[in-house]
Amino acid sequence: GREAIPYQDPCHWPVGKPTRSVTGVTMTANVKPARAALYLRKSTVDLRAGDNRSLIDQRHDCERLAKAQGFEIVDVFEEQEGTSASHMTDHARPMWDKAMDLMGHTYDTLIAWKMNRCTREGMVPMGTLLDHCEATDGRVLTTDGHDTAGKEYRIIGAVISEIDRKTITEMSEGICRGKEGQRRR
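Here we summarise the structure given alongside this text. Every chain is numbered on its own, with residues counted from 1 as its sequence reads. The predicted nature of this model means local features are confined to residues of pLDDT at least 70 and side-chain atom pairs, given and counted, to a pLDDT of 80 or more, with totals for whole chains, interfaces and linings taken over all residues. Heavy atoms from the whole structure form the basis of all side-chain values; hydrogens and water molecules are not counted.

What to know about unusual backbone geometry
Argument step 1. If you check the backbone angles, Asp137 has positive phi at about 60° while not being a glycine.
Argument step 2. Summarising the element assignment, Asp137 is placed in the loop between α3 (123-136) and β6 (139-142).
Argument step 3. Judged by relative accessible area, which is 47%, Asp137 ranks as partly exposed. The numbering of helices and of strands both runs from the N terminus, where a helix is a DSSP run of H or I of at least 4 residues and a strand a run of E of at least 2. When accessible area is computed with a 1.4 Å probe and restricted to protein chains, residues below 20% of their type maximum are described as buried, those above 50% as exposed, and intermediate ones as partly exposed.

Quick look at the structure:
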């Protein structure tokens, strides 16, 4: 049978831009430091005083991954606090749009904390993201190990995006049920 590929902490991946060999195996070319941008998003507004811990922590984790991978961070795209990426809202995401416009031009790798920071809308938007990465020779890396450069990621990304979509739908239904129960009391 096939041997399982052991998990590798993304902070220990090879440095450089992914390239594909004739055999289809992803290799890494060690060229000039690869250019990366960070994408940060928090969908809820934090009413506590002070800086938003979630965004600070996201940034720290993304910077750590960029440093471990030898990336030069050339831009940071941070959405306004409270910006959702769910299929249940119609929030404009100007920083996401700008990040997609600049991918392949000013940077090659977008680093996000988790893939659900990029989209929670399901398979179609994930497919659009993967097509865009392919067209711009870009990629998305996340601090929890996702890398859109792998050719198997089309399948993985579809499944993950649908799980995220289902999770956000169930959370919303639970919140609505709770509010309805409060109103009845």
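Read on, since the account is not over.
Observations regarding the pairing of strand β3 (residues 35-40)
Argument step 1. In terms of burial, β3 is a largely internal element, five of the six residues being buried.
Argument step 2. Here β3 runs beside strand β4 (residues 72-78); their pairing, made up of six bridges, is parallel. The partner of Leu40 across the bridge, within β4, is Glu78.
Argument step 3. Paired strands, in this sense, are two strands between which DSSP finds at least two bridges. Taken together, the four bridges between β3 and strand β5 (residues 109-112) define a ladder with parallel strand orientation. Following the sheet pairing, Leu38 is matched in β5 by Ile111.

Details of the sheet that holds β6
Argument step 1. Spatial strand order, β4-β3-β5-β6: four strands in an open sheet with parallel pairing. What marks the edges here is a single partner per strand, and that holds for β4 and β6. Here the average twist between neighbouring strands, direction ignored, is 25°.
Argument step 2. The sheet contacts of helix α2 (residues 94-102) involve β3, β4 and β5, and relative to β4 the element is tilted by about 145°. In this analysis an axis means a line fitted to C-alpha atoms, helices contributing only their contacting stretch, and an angle means the value between N-to-C directions, from 0 to 180 degrees. Contact definition: two residues touch when any of their heavy atoms are within 4.5 Å.

Structural notes on the state of the cysteines
Argument step 1. Disulfide assignment relies on a single distance test, namely cysteine sulfur atoms paired within 2.5 Å. Following the criterion strictly, the structure yields zero disulfides and no others.
Argument step 2. Take Cys118: it sits in no disulfide, and the sulfur closest to it among the cysteines is that of Cys133, at 8.6 Å.

Some points on the environment of His60
Argument step 1. Mapped onto the fold, His60 is located in helix α1 (residues 53-69).
Argument step 2. His60 sits 53 residues away from Trp113 along the chain, and the two C-alpha atoms are 9.3 Å apart.

Observations concerning the pattern of salt bridges
Pairing of side chains with opposite charge becomes possible as their charged atoms draw close.
Argument step 1. We define a salt bridge as a contact between a side-chain nitrogen of Lys or Arg and a carboxyl oxygen of Asp or Glu at a distance within 4 Å. Inspection of the entire model under this criterion finds five salt bridges.
Argument step 2. Note that Arg35 is salt-bridged to Asp108, the shortest N-O span being 3.0 Å. Of the two residues, Arg35 is situated in strand β3 and Asp108 in the loop between α2 and β5; the sequence distance between them amounts to 73 residues.
Argument step 3. Residue classification places Arg35 among the partly exposed residues on the basis of a relative accessible area of 21%.
Argument step 4. A salt bridge links Arg59 to Glu63; its shortest N-O distance comes to 3.1 Å.

Overview of the side chain of Asn116
Argument step 1. Of note, Asn116 is situated in the loop between β5 and α3.
Argument step 2. For Asn116, a relative accessible area of 12% gives the class buried.
Argument step 3. N or O atoms closer than or at 3.5 Å make up a polar contact, with two conditions inside protein: a donor-capable atom paired with an acceptor-capable one, and, for residues adjacent in sequence, both atoms drawn from side chains. In this structure the side chain of Asn116 is engaged in a polar contact, spanning 3.0 Å, whose partner is the side chain of Arg117.

Description of the environment of Asp57
Argument step 1. Mapping Asp57 onto the fold places it in helix α1.
Argument step 2. A C-alpha to C-alpha distance of 9.0 Å links Asp57 and Trp113, two positions 56 residues apart in sequence.

Quick notes on the nonpolar core
Argument step 1. Each nonpolar core is a collection of buried residues, namely Ala, Val, Leu, Ile, Met, Phe, Trp, Tyr and Cys, held together in the definition by side-chain atoms within 4.5 Å. Residues Met100, Tyr107, Leu110, Leu129 and Val140 are the most contacted members of the largest nonpolar core, which totals 18 residues.
Argument step 2. Within the residue set of this core, elements represented by two or more residues are β3, α2, β5 and α3.
Argument step 3. Looking at this core element by element, the count peaks at four residues for α3.
Argument step 4. Setting aside residues no more than four positions away along its own chain, Tyr107 makes contact with Arg35, Ala36, Ala37, Val74, Phe77, Ala99, Met100 and Leu102.
Argument step 5. The next biggest cluster of nonpolar side chains, apart from the first, holds eleven residues, and it includes Leu40, Leu65, Ala66 and Leu141.

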